[in-house]
Amino acid sequence: GSIGKLVAGYEASIRDANGNEVPVGAEGRLWIRSAANMICYWNRPDATAETLVNGWLDTGDVVMADEDGYLWFRGRQKQIIVHDGSNITPQEIEESLLEHPAVAAAGVIGIHNLVHGENVRAYVELKPGVTRPTAAELIKFSRASVGYKAPEEIVFLDALPLNATGKVDRVTLKRLAE
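Not measured: the values here are computed from a predicted model. (Residues numbered from 1 in each chain as written. Predicted model: local features only at pLDDT ≥ 70, side-chain atom pairs only at ≥ 80, totals over all residues. Heavy atoms only, no water.)

1. Some thoughts on the packing of helix α2 (residues 90-98) against helix α3 (residues 135-146)
Working note: a packed helix pair is described by the angle between its axes plus the distance between those axes. The geometry of α2 relative to α3 is characterised by a closest axis approach of 9 Å and an angle of 115° between their N-to-C directions. In the crossing of α2 with α3, the sense of the turn from one axis to the other is right-handed. In contact with E92, I93, S96 and L97 of α2, α3 contributes L138, F141, S142, S145 and V146. (Axes fitted to C-alpha atoms, helices over the stretch in contact; angles between N-to-C directions. Helix = DSSP H or I, 4+ residues; strand = E, 2+ residues; numbered from the N terminus. Left-handed = near helix turned anticlockwise from the far one by under 90°. Contact = heavy atoms within 4.5 Å.)

2. Notes on the side chain of T51
Relative to the elements of secondary structure, T51 occurs in helix α1 (residues 45-51). A distance of 3.0 Å separates a polar side-chain atom of T51 from the backbone oxygen of A47. Not counting chain neighbours up to four residues away, the residues in contact with T51 comprise W31, M38, Y41, W56, L57 and D58. (Polar contact = N/O pair within 3.5 Å; in protein donor to acceptor, adjacent residues only side chain to side chain.)

3. Here we look at the pairing of strand β10 (residues 153-156)
Pairing geometry for strand β9 (residues 117-126) and β10, over 4 bridges, is parallel. From the neighbouring strand, V124 faces β10, where its bridge partner is F156. This β-α-β element, β9 to α3 to β10, shows right-handed connectivity. (Pairing = 2+ DSSP bridges. Right-handed = clockwise from strand over helix to strand, strands pointing away.)

4. Some remarks on the nonpolar core
I93, L97, V108, V124 and I154 are the most contacted members of the largest nonpolar core, which totals 17 residues. Looking at this core, the elements with two or more residues in it are α2, β8 (103-113), β9 and α3. A total of 4 residues in this core trace back to one element, the largest contributor, which is β9. If sequence neighbours within four positions are ignored, V124 has contacts with L97, V103, A105, L138, I154, V155, F156, L157 and L160. (Core = buried A, V, L, I, M, F, W, Y, C linked by side-chain atoms within 4.5 Å. Buried < 20%, exposed > 50% of the residue type's maximum accessible area, 1.4 Å probe, protein only.)

5. Examining the pattern of salt bridges
Under the defined criterion, the tally for this structure stands at 7 salt bridges. The partner of R44 in a salt bridge is D46, and the shortest N-O contact between them spans 3.5 Å. Given a relative accessible area of 45%, D46 falls into the partly exposed group. Measuring nitrogen to oxygen at the nearest pair gives 3.9 Å for the salt bridge that ties K174 to E118. Highlighted residues: K174 in helix α4 (residues 170-177) and E118 in strand β9, separated in sequence by 56 residues. (Salt bridge = Lys/Arg side-chain N within 4 Å of Asp/Glu carboxyl O.)

6. Observations concerning the layout of surface pockets
To find leftover empty space, one rolls a probe the size of a water molecule over the atoms. Taken as a whole, the largest pocket holds about 490 Å³ of empty space. What lines the largest pocket is a set of 19 residues, and nearest its centre among them are F73, Q91, E94, K167 and R170. Tallied by class, the residues present in the lining of the largest pocket amount to 8 nonpolar, 4 polar and 7 charged. (1 Å grid on protein atoms, 1.4 Å probe; cavity = no way out; pocket = protein on both sides within 12 Å on 5 of 7 lines; lining within 4 Å. Points joined across faces, edges and corners; volume = space filled by probe spheres on them. Nonpolar A, V, L, I, M, F, W, Y, C, P; charged D, E, K, R; others polar.)

Structure representation (structure tokens):
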């Protein structure tokens, strides 16, 4: 669902890679401006210059705003999978897999590929006691909702690694892939 609307005292700007604001309904990086913004990174002027520009803070989050002003989280810029020049957010693929009745949890990462840049790999945890679908069945199921963005590969795990907040740990999945 939506991550909500801005609260009083905050301004948002959703921008493309060139820093231009995107139209309503388009995805872009979320920039925030408020009196509560950080001042700088400690002893990291390079990181500060990348993150703070003219009072705006680049959150690194990819979002979309709808006509009513609600923001919709699409992923972290650093987690975006670039496949044949297309930007693919892991969350979109994970959501498509979670619609399958046998899937309990899903984690998606990009795997380096010399031809395509990155390929989409999904790690899946199945619900106990269900009939195990094949990887091909899950790929086809995902493709029905997300098209070309569907994973090329499915890896089944007994349990997906979770981070401290209980979310799928993509950093650990990346290490596992290595």
